[in-house]
Amino acid sequence: MKQKFAALAFAATVAGAGLAIGATDSAEASTQQKVNAAAQAASPMSVDEVFGLYANRSWIWSDGAGYFANSKRAFSAYSGSGRSASYGEGNWFIKADGTLCFNATWVAADGSAPAVTCFAHRKDGNTIYQKKVGEGDWYAFQSTPALRSNEIRKLKKGDYVSRRMDRIKSQLDKAA
């Protein structure tokens, strides 16, 4: 049970990365239905298109970040802070249907656990839709016209993960 903590904490962080929020009234439900229909009608992104979005970039989340290194397709990430901090190391890959996945072992104060997390990507013109595989709704990852709320704005060139992850590793080593 304790070993699953890191993976669960990470899953909660990444689940919050998207813009999809449960509809609370009929207008929101109708809007979400339209987004889901548009995403379903859109074409899956190619491996090269998805690679171009993520390679050598960090995806900044509400309580963490993940880095998609081009070299060896290494993936590293951190989530949380203080006693609830965790980090993950592994690799990332892209399926033929434009689905990005990262496979990492997550480590926290109470143990470690592997987790695979995937996001599907579809495109219609300059609009990119994204959805966490296995849950949630589609949302506009990149819209036309661009919005400040677009998730793609949270992809930053470079490694925004390693320094923080190293600090978390050090904290966990001292606590052990």
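On a predicted model such as this, the values are computed, not experimentally measured, just so you know. (Residues numbered from 1 in each chain as written. Predicted model: local features only at pLDDT ≥ 70, side-chain atom pairs only at ≥ 80, totals over all residues. Heavy atoms only, no water.)

Q: Whenever I open this one, the packing of aromatic side chains confuses me. Can you help?
A: For any pair of aromatic rings, the description rests on two quantities: the centre-to-centre distance and the angle between the ring planes. This model, assessed by the stated rule, comprises 13 aromatic pairs. When the centroid spacing of 5.5 Å and the interplanar angle of 85° are considered together, the rings of F68 and W92 count as edge-to-face. Of this pair, F68 sits in strand 3 (residues 64-68) while W92 sits in strand 5 (residues 86-94); the two residues are 24 residues apart in sequence, bridging distant segments of the chain. Across the pair, exposure class does not vary: F68 and W92 are buried alike. Among the aromatic residues, ring-to-ring pairing joins F51, Y54, W59, W61, F68, F75, W92, F102, F119 and F141 into one connected group. Directly above the aromatic system of W92 lies the positively charged group of R73, at a separation of 4.8 Å from the ring centroid. (Phe/Tyr/Trp six-rings, centres within 6.5 Å; stacked < 30°, edge-to-face > 60°. Helix = DSSP H or I, 4+ residues; strand = E, 2+ residues; numbered from the N terminus. Buried < 20%, exposed > 50% of the residue type's maximum accessible area, 1.4 Å probe, protein only. Lys NZ or Arg CZ within 6 Å of the ring centre and 35° of its normal.)

Q: Can you help me understand the pattern of salt bridges in this one?
A: When the charged atoms of two side chains with opposite charge come close together, those side chains can pair. This structure, assessed with the given rule, holds 4 salt bridges. For the salt bridge of K169 with E89, the shortest nitrogen-to-oxygen distance reads 3.1 Å. Of the two residues, K169 is situated in helix 4 (residues 162-175) and E89 in strand 5; the sequence distance between them amounts to 80 residues. For K169, a relative accessible area of 22% corresponds to the partly exposed category. A salt bridge links E135 to K132; the nearest nitrogen and oxygen atoms lie 3.8 Å apart. Residue class for K132 comes out buried when judged on its relative accessible area of 11%. (Salt bridge = Lys/Arg side-chain N within 4 Å of Asp/Glu carboxyl O.)

Q: Would you mind showing me how to read the confidence of the model for the chain here?
A: A low pLDDT score tells you not to read the predicted coordinates there in detail. On average, the chain scores 87 in pLDDT, and the residues at 70 or more come to 86%. Considering only residues more than four positions removed or in separate chains, one finds that residues 1-13, a stretch of pLDDT under 50, has 28 contacts. Under a pLDDT of 50 for its full length, residues 15-23 has, in the predicted model, 19 contacts with residues more than four places off or in other chains. (pLDDT = per-residue confidence, 0-100. Contact = heavy atoms within 4.5 Å.)

Q: Could you clarify how one ought to interpret the nonpolar core in this entry?
A: Note that soluble globular proteins tend to have their nonpolar side chains buried in a common cluster. Counting 23 residues, the largest nonpolar core has Y54, W59, F75, W92, F102 and F141 as the members making the most contacts within it. For this core, the secondary structure elements donating two or more residues are helix 3 (47-54), strand 2 (57-61), strand 4 (74-79), strand 5, strand 6 (100-108), strand 7 (111-124) and strand 9 (139-142). Here this core gets 4 residues from one element, more than from any other, and that element is strand 6. Look past the residues within four positions of W92 in its chain and what remains in contact with it is F51, Y54, A55, F68, A69, R73, A74, F75, L100, C101 and F102. (Core = buried A, V, L, I, M, F, W, Y, C linked by side-chain atoms within 4.5 Å.)

Q: How should I be thinking about the environment of A96 in this particular structure?
A: Following the sequence through the fold, A96 ends up in the loop between strand 5 and strand 6. Apart from residues no more than four positions distant in its own chain, A96 is found in contact with M45 and V47.

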